[in-house]
Amino acid sequence: MTTDQEKITLRYQVKRSFCHCCEQELKNPEISEVREFDFHLKDLKEHGDWHLYDEHDELEEVADAYIYEDITYFASSSLDRVSLCEGELERFVQFVKRNFIK
């Protein structure tokens, strides 16, 4: 069991513009319901030195790429476009700052 301090749950949607079978562009792209994805502290620790990204003003950019790559790999497809719900990137950055940046 995890506590709220050990993970952050982000809300996102997926826009599917290509068929997963034949990779042809869909005439009417589909947008998913809002979904959730958990990021655990233990996994974030393995990603790297978050404080270095913060020192070089790259934290938000690296966080955005990290989130997109994880959700795409574990919960979506490379043919889909993952979009975080409003405010979720900022929540993630604050979570990282609270836990990894002193």
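Details of the structure are given in the entry above.
Residues numbered from 1 in each chain as written. Predicted model: local features only at pLDDT ≥ 70, side-chain atom pairs only at ≥ 80, totals over all residues. Heavy atoms only, no water.

Caption draft 1: Structural view of the side chain of D70. Position of D70 among the secondary structure elements: in helix α3 (residues 59-75). Within the buried set, D70 has no salt-bridge partner at all; the shortest N-O distance to an opposite charge, 11 Å, is to K42. If near-sequence neighbours (up to four positions away) are discounted, D70 is found in contact with F37, F39 and A75. (Helix = DSSP H or I, 4+ residues; strand = E, 2+ residues; numbered from the N terminus. Buried < 20%, exposed > 50% of the residue type's maximum accessible area, 1.4 Å probe, protein only. Lys, Arg positive; Asp, Glu negative; His and termini not counted. Salt bridge = Lys/Arg side-chain N within 4 Å of Asp/Glu carboxyl O. Contact = heavy atoms within 4.5 Å.)

Caption draft 2: Just the pattern of salt bridges, in detail. Following the criterion strictly, the structure yields 3 salt bridges and no others. Across the pair E30 and R16 runs a salt bridge, and its minimum N-O distance is 3.4 Å. One end of the pair, E30, is in strand β2 (residues 25-31); the other, R16, is in strand β1 (residues 7-18), with 14 residues separating them in the sequence. Judged by its relative accessible area of 42%, E30 is partly exposed. With a relative accessible area of 25%, R16 lands in the partly exposed category. A salt bridge links E88 to R91; the shortest N-O distance between them is 2.9 Å. Linking E88 with R91, this pair stays in helix α4 (residues 88-100), spanning 3 residues, or about one helical turn.

Caption draft 3: Spotlight on the packing of aromatic side chains. Tallied over the full model, the rule gives 8 aromatic pairs. Aromatic pair Y73 and F74: ring centres 4.8 Å apart, planes at 90°, arrangement edge-to-face. Taken individually, Y73 and F74 each receive the classification exposed, so the pair is uniform in this respect. Three or more aromatic residues link up through ring pairs in this structure, and these residues are F37, F39, W50, Y53, Y66 and F92. (Phe/Tyr/Trp six-rings, centres within 6.5 Å; stacked < 30°, edge-to-face > 60°.)

Caption draft 4: Inspection of the nonpolar core at higher detail. Grouped together as the largest cluster of nonpolar side chains are 23 residues, with contacts concentrated most on F39, L44, W50, I67, I71, F92 and F100. If you list the elements that add at least two residues to this core, you get β1, β3 (35-40), α1 (41-47), α3 and α4. Discounting chain neighbours no more than four positions away, the residues touching F100 are L41, L44, K45, W50 and H51. (Core = buried A, V, L, I, M, F, W, Y, C linked by side-chain atoms within 4.5 Å.)

Caption draft 5: Quick peek at α4. With 13 residues, α4 should cover 18 Å at 1.5 Å per step; its first-to-last C-alpha distance of 18 Å lies within 8% of that length. Buried within α4 are the following residues: E88, L89, F92, V93, F95, V96 and F100. Mapping the buried residues of α4 onto a view down its axis gives an arc of 160°, with all of them on the same face. Looking at the packing, one finds that the buried side of α4 touches β1, β3, α1, α2 (50-55), α3 and β4 (80-84). (Expected span 1.5 Å × (residues − 1). Arc of directions from axis to C-beta.)

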